[in-house]
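# Reading the structure
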Number of protein chains: 2
Amino acid sequence: MKDFKIIEGGVTAAKGFKAAVCEANIKYKDRTDMAFVYSETPCECAGTFTSNVVKAACVMWDKQLVESGKPMHGAIVNSGIANACTGKEGFDACEATAKAAEKCLGVPYDTIAVASTGVIGMQLPVDKLVAGVEKMSTTLDSSLEAGTKASKAIMTTDTVNKEIAVTFEVAGKEVVLGGMSKGSGMIHPNMCTMLGFLTSDIAIDKKLMQEALSEVITDTFNMISVDGDTSTNDTLLLMSNGLAGNDKITEKNEDYDTFKNALFEVCKFLARKMAADGEGASKLFTAQVVNAKSKEDARVLARSVISSSLSKAAIYGCDANFGRFLCAMGYSGVEFNQEDVELFFVSDAGKLQVFKFGVPLDFDEEFAKKILSSEEVIVYIDMHEGDKEATAWGCDLTYDYVKINADYRS
Amino acid sequence: MKDFKIIEGGVTAAKGFKAAVCEANIKYKDRTDMAFVYSETPCECAGTFTSNVVKAACVMWDKQLVESGKPMHGAIVNSGIANACTGKEGFDACEATAKAAEKCLGVPYDTIAVASTGVIGMQLPVDKLVAGVEKMSTTLDSSLEAGTKASKAIMTTDTVNKEIAVTFEVAGKEVVLGGMSKGSGMIHPNMCTMLGFLTSDIAIDKKLMQEALSEVITDTFNMISVDGDTSTNDTLLLMSNGLAGNDKITEKNEDYDTFKNALFEVCKFLARKMAADGEGASKLFTAQVVNAKSKEDARVLARSVISSSLSKAAIYGCDANFGRFLCAMGYSGVEFNQEDVELFFVSDAGKLQVFKFGVPLDFDEEFAKKILSSEEVIVYIDMHEGDKEATAWGCDLTYDYVKINADYRS
C-alpha cells in the first residue's frame, strides 16, 4: 500500500472534472444555492444513501441511477429545499433538472444525479432549478476555485465549507481524489446525514469502487453524530472518470489498498469536519473506545457517548461529569462490566484519568476544566475486554443548536 | 372493571403509610433532600428498574430485595448524589442506610429499599445519610401533607412535585393507591429514567402485582422521553400492605382489572407530568400514532417523534416543520410507506392537517402557530395500515435544557 499526499482543491482537483454554481434563489437570497459537478468523460459511480424509510425524491432518483450501472456525467445540487415528502411532484422535479442538463450539454438525462438539502415537505420551484442548470452549464470550470465555490454553494447551516483533495500513485501513475461535503444538522450515523461528492480520475472497476466506499463509510461518516436525527436526504456519490490513465484496478491488489486508504482519509477528514461544524457546536467531541470485545461493540459504545445529549451538554460546559459518559455506554445495548472500565479525558492540554475499574478517582478539577476547554476533547475509554477499537466524532450541545433549530424554516 | 376516583394526596393516602423528610445537606443546602416512606405493616413489593448496564448501587440493592420476595417496610431516598459508578463503597452506603432504619424502627434492614438520584460518580456521605434516617424515623407522619413533602424532597431539577392518589372499590372495600415520582433530565423510555414510589392498602398477590406493574409501565413510563438518556438509577417501587381489608386478589378477575386500570392511570398521570416538566421544557409534546400495523410499531414511531432533537426544537419554536416528524418516523426502524400517512397538529386551539398520503398540504401558517403555542401539542399520525395505536409524551428542547445541563455539578 502506497501513502497519499494532501493537495489543494476539492471536487475539481481530479483531471476532467469541472464545477459551476449559481444564485437560483430557491430559499436563500444573495448567495449561491446551486452547484453542478460535471465530467465530460463518462464516470463509474458508487453511492451510499440514507437508511431512513422516508427517502427524499432525489435519493430515489440517484439510487436508481447508481444501481443501473450506467456511466454518469455529473451531479446537480440545491441547498434550499430538501425535496423530501413531496410525492410524485418531487420526483418529477428531479427529472426536469436532469433533462435541463441533457438539453444544455447533450448528455443523456439519466447520467445526471440530483441532490437536495434544506426544508422537508416543500415542493421545489422547477423553473428556478431549470434556469439554474442553464446558467451553470455555460460556466463550468475546471479551476480549483470552481470546486471551492461549489463546496460553499451546497452549505445550509454549515459555518465552513468542507473540501479536500489527495494524490497517490497507482502503478506509476499519479491519481487524484477530491471531495466536498455539507452537513451540520440532522447528522447521525447510519449513512450519516449529509451530502458528499467525491471525484477521482482513477480507473477502477465500479463494483470494487462501491465495495471500498461502503466499507470506508462504516468507520468515517457513519461514526459521526450531531443530533441523532438521520436525514431523509443522505447521499454520498463517488465518481471516477479514469483520466489518470492507470491500468484499471480490477482486483483487490496493492493498488486497491492504496486507493481505499486514500478514500478512508478523505472520508475521515470530511466526517470530522462535519462533526466539528455541527449546528451550534463550539468544539469537536471525540470518543475513542479501545480494547473492546468486538469492533461492533466499540463502534456502538463510542457512538452512544458522543450522541448523548447530557454528555454533549457537559462537554459544552467543560464539566468533567464523567458519569454521563458511563451512563451513555450503559444504555448503548452493549454488555460490559463497569469494573473493567477505565476512562480518561484527553486533549492537547493533557490527559487525565477520572474512573478506574468501577470506582471514581479524585482528580484536579482545574486541570480537567483546562482539558475540556480545548477545541477537540477526547473521551478515551479502555474496556479491558479485548483488542478492538473504534472512534466516533460529535460535538457539544449549545444554546445555538436550539436557536438554529427552533425556527429553521423562517 | 370498576372505575376509580382521583382523591387528594400521594404516598401517604393509602392506609398505614407514613412519610418523613429532612435536610441532610447531601448536595443541596437549605432544602429537604431526603425522604422516607414507611409502612409498619409489612408490604408486598413489586419493582421495575433501569435497563442500563451501568446500574447504580441502590438499584442493585433494591432489585435484590424485590426479587427475594420478602415483605418490605419502606424506602429511603436522597436527591443529592446518584450513588452510581461507586463500586463496593456505594453498595455499602445502601446497607448502612437500611441498617440505620433497622436500628431506629426495629424492622430488618433487608426490608428497606434505598434510592438515589443526582450526580453520578460521587460517593455518598454515609454519616449524613445515617443522621437523616435517625431524624426521619422520629418524624414519620401519616398526613397527606407528609406525602407532599416527600414528593418535594426527592426533586432534583424538577420544577414541580409530582403526586397523585386514587380510590377504587375491590369486592366492596374501598382501596387507595397513591404515588409520587421525580424525573426531569436523563429521562428516556426503557424503564424511563425516574424514581417512582407507589403505595397502596390493597391486598394482592405479589406476583400479580409485579405483572400488572410491568405491563402498565410499557404504555406509561416507558413512553416518555426528555433527552434520550436512560439513567443508571431508574427505580419504580409499588408497595401494598393489605390494610384495605379486601379479599386478597389472587387471580386475574374483575378486581385485578379494576386495580390494573387504576394503576395505569396513576402511572400515566405521573409519566405525563414528568414529560411536561422535562428539563427546560416549556410545553408537553405528545405523539399519538393510530392505525399502525402493530402495537410495537405504534410505540416505536410515537417515541421516535417525541425523542427527535429537531422535532423538539421545532415544537419549542412553534414551527410547523412537519417534515422533521416524518423524518423521525423514517429512521425509527419501522417499515412503512409515506404514501399511507396522514399527519395533523392538534391542541386545545384546534386541529390542522399538514400532510396527506405522501404530499404536503397548503395550510394556514398563522393557525398552525396558534396550535403549536398551546401548553400541550399533539402530533397526530394516522398510518392507515392497521388498527393499533400508542401515545408517547415528551417536551420541547429549549435553551434552558442546555443551560441546566452544561454545568449540572457545580
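Residues numbered from 1 in each chain as written. Chains lettered and ligands numbered in written order. Predicted model: local features only at pLDDT ≥ 70, side-chain atom pairs only at ≥ 80, totals over all residues. Heavy atoms only, no water.

Let us look at the sheet that holds strand S10 (residues 284-292) of chain B. Neighbouring strands of a sheet are bound in pairs by backbone hydrogen bonds; such pairs are parallel or else antiparallel. Residues and elements named next belong to chain B. If you trace the 6 strands from one edge of the open sheet to the other, you get S13-S12-S11-S14-S10-S15, paired in mixed fashion. Looking at strand neighbours, the two that pair on one side only are strand S13 (359-360) and strand S15 (388-395), the edges of this open sheet. Taken together, the 7 bridges between S10 and S15 define a ladder with antiparallel strand orientation. Counted as the bridge partner of alanine 287 is alanine 392 from S15. (Pairing = 2+ DSSP bridges. Helix = DSSP H or I, 4+ residues; strand = E, 2+ residues; numbered from the N terminus.)

Residue and element names in this part refer to chain B. On inspection of all chains with the given rule, the structure shows 34 salt bridges over all chains. The partner of lysine 248 in a salt bridge is glutamate 44, with the nearest N and O atoms 3.9 Å apart. Of this pair, lysine 248 sits in the loop between strand S9 (235-240) and helix H6 (254-276) while glutamate 44 sits in strand S3 (residues 34-49), and the two are 204 residues apart along the sequence. When the shortest N-O distance is used, the salt bridge between aspartate 92 and lysine 88 registers 2.8 Å. Of this pair, aspartate 92 and lysine 88 are both found in helix H2 (residues 87-105), 4 residues apart, which corresponds to roughly one turn of the helix. (Salt bridge = Lys/Arg side-chain N within 4 Å of Asp/Glu carboxyl O.)

What follows is about the interface of chain B and chain A. With 58 residues of chain B at the interface, the matching set in chain A holds 58 residues. Between chain B and chain A the total buried area reaches about 4,600 Å² when both faces are included, carbon and sulfur atoms providing 58% of it. At the surface where chain B touches chain A, the tally comes to 0 salt bridges. Among the elements of the structure, helix H8 (309-316), helix H9 (323-330), S13 and helix H11 (399-406) of chain B are those that each provide at least two residues to the side of chain B that touches chain A. (Contact = heavy atoms within 4.5 Å. Buried area = accessible area lost by both parts, 1.4 Å probe.)

Residues and elements named next belong to chain A. In this model helix H7 (residues 295-307) runs 18 Å from its N-terminal to its C-terminal C-alpha over 13 residues, within 8% of the 18 Å that 1.5 Å per residue would give. Asp297, Ala298, Arg299, Leu301, Ala302, Ser304, Val305 and Ile306 are the residues of H7 that are buried. Buried residues along H7 sit against helix H5 (206-218), strand S10 (284-292), helix H8 (309-316), helix H9 (323-330), strand S14 (376-382) and strand S15 (388-395). (Expected span 1.5 Å × (residues − 1). Buried < 20%, exposed > 50% of the residue type's maximum accessible area, 1.4 Å probe, protein only.)

Okay, the packing of helix H5 (residues 206-218) of chain B against H6(B) next. Residue and element names in this part refer to chain B. Their axes nearest at 10 Å, the elements H5 and H6 cross at an angle of 40 degrees. The orientation of H5 with respect to H6, classified from their angle, is oblique. Between H5 and H6 the crossing geometry is right-handed. Contacts between H5 and H6 involve Leu208, Met209, Glu211, Ala212, Leu213, Glu215 and Val216 from the first element and Tyr256, Phe259, Lys260, Leu263, Phe264 and Cys267 from the second. Of the residues contributing to the contact of H5 with H6, the split by class is 10 nonpolar, no polar and 3 charged. (Axes fitted to C-alpha atoms, helices over the stretch in contact; angles between N-to-C directions. Parallel < 35°, antiparallel > 145°, perpendicular 65-115°, else oblique. Left-handed = near helix turned anticlockwise from the far one by under 90°. Nonpolar A, V, L, I, M, F, W, Y, C, P; charged D, E, K, R; others polar.)

Attention now goes to the packing of aromatic side chains. In total, this model carries 21 aromatic pairs over all chains according to the counting rule given. A ring pair is formed by Phe325(A) and Phe345(A), whose centres lie 5.6 Å apart and whose planes are at 75 degrees; its orientation type is edge-to-face. Of the two residues, Phe325(A) is situated in helix H9 and Phe345(A) in strand S11 (residues 342-347); the sequence distance between them amounts to 20 residues. Accessibility classification places Phe325(A) together with Phe345(A) in one group, the buried group. An aromatic cluster of at least three residues, connected via ring pairs, comprises Tyr316(A), Tyr399(A), Tyr316(B) and Tyr399(B). The ring of Tyr28(A) carries the charged tip of Arg31(A) above its face, separated from the ring centre by 4.0 Å. (Phe/Tyr/Trp six-rings, centres within 6.5 Å; stacked < 30°, edge-to-face > 60°. Lys NZ or Arg CZ within 6 Å of the ring centre and 35° of its normal.)

Let's shift gears to the sheet that holds S10(A). Residues and elements named next belong to chain A. Read from one edge of the open sheet, 6 strands run S13-S12-S11-S14-S10-S15, paired in mixed fashion. If you trace the sheet from one side to the other, it starts and ends with strand S13 (359-360) and S15, each paired once. Relative to S14, S10 runs parallel, the two sharing 7 bridges. Its bridge partner being in S14, valine 290 is matched across the sheet by aspartate 382. Contacting S10, S14 and S15, helix H6 (residues 254-276) runs over the sheet at an angle of about 45 degrees to S15.

If you look at the biggest cluster of nonpolar residues, it comprises 134 residues, and the most contacted ones within it are Phe197(A), Leu198(B) and Leu263(B). Here this core gets 10 residues from one element, more than from any other, and that element is H6(B). Dropping the residues within four chain positions of it, Leu263(B) is found in contact with Leu177(B), Leu198(B), Ala212(B), Leu213(B), Val216(B) and Leu238(B). Among the nonpolar cores identified, the runner-up in size contains 131 residues, and Ala390(A), Ala24(B), Ala56(B) and Cys94(B) belong to it. (Core = buried A, V, L, I, M, F, W, Y, C linked by side-chain atoms within 4.5 Å.)

Residue and element names in this part refer to chain A. Positive phi, close to 60 degrees, is recorded for cysteine 85, a residue that is not glycine. Mapping cysteine 85 onto the fold places it in the loop between strand S4 (72-78) and helix H2 (87-105). With a relative accessible area of 1%, cysteine 85 lands in the buried category. A positive phi is found at histidine 384, a non-glycine position, where the angle reads about 50 degrees. Inspection of the secondary structure assignment puts histidine 384 in the loop between S14 and S15. On the basis of relative accessibility, which here comes to 38%, the residue histidine 384 falls in the partly exposed class.

With an RMSD of 0.1 Å, the operation that places chain B on chain A is a rotation of 180 degrees combined with a shift of 0.0 Å along the axis. The transformation just described matches what one would write down for a two-fold rotation axis. Residue Tyr399(B) of chain B places its C-alpha closer to the rotation axis than any other residue of that unit, at 2.6 Å. (Least-squares fit on C-alpha atoms with pLDDT ≥ 70 in both.)

Attention shifts here to the environment of Ser143(A). Residue and element names in this part refer to chain A. Within the secondary structure, serine 143 sits in the loop between helix H3 (126-137) and helix H4 (144-153). Owing to a relative accessible area of 25%, serine 143 belongs among the partly exposed residues under this scheme. Linking serine 143 and aspartate 348, residues 205 residues apart in sequence, is a C-alpha distance of 36 Å.

Residue and element names in this part refer to chain B. Pairing geometry for strand S11 (residues 342-347) and strand S12 (residues 350-356), over 6 bridges, is antiparallel. Opposite valine 346, over in S12, you have lysine 351 as the bridge partner. Counted along the chain from S11 to the antiparallel partner S12, the turn is 2 residues long. When S12 meets S13, the two strands line up antiparallel, connected through 2 bridges. Of the residues in S13, the one forming a bridge with phenylalanine 355 is proline 360. If you look at the hairpin formed by S12 and S13, you'll find 2 residues sitting between the two strands, and phenylalanine 357 has a positive phi there, around 50 degrees.

So, about helix H7 (residues 295-307) of chain B. All names here are of chain B. Within H7, 10 of the 13 residues are buried, leaving the element largely enclosed by the surrounding structure. Every buried residue belonging to H7 is among Asp297, Ala298, Arg299, Val300, Leu301, Ala302, Arg303, Ser304, Val305 and Ile306, and all of these are buried. Buried residues belonging to H7 abut H5, S10, H8, H9, strand S14 (376-382) and S15.

Attention shifts here to the state of the cysteines. Taken as a whole, this structure holds 0 disulfides over all chains when the rule is applied. Here Cys318(A) is not cross-linked by a disulfide; its sulfur's nearest cysteine counterpart is in Cys395(A), at 14 Å. Looking at Cys327(B), it has no disulfide partner, and the nearest cysteine sulfur is the one in Cys85(A), 8.0 Å off. (Disulfide = S-S within 2.5 Å.)

Residue and element names in this part refer to chain A. By secondary structure assignment, the location of glutamate 342 is in strand S11. Residues glutamate 342 and histidine 384, spaced 42 residues apart in sequence, show a C-alpha to C-alpha distance of 8.1 Å. The contact partners of glutamate 342, leaving out residues within four places of it in the chain, are Gln353, Phe355, Lys356, Phe357, Tyr380, Ile381, Asp382 and His384. A distance of 2.6 Å separates polar atoms of two side chains, one belonging to glutamate 342 and the other to histidine 384. (Polar contact = N/O pair within 3.5 Å; in protein donor to acceptor, adjacent residues only side chain to side chain.)

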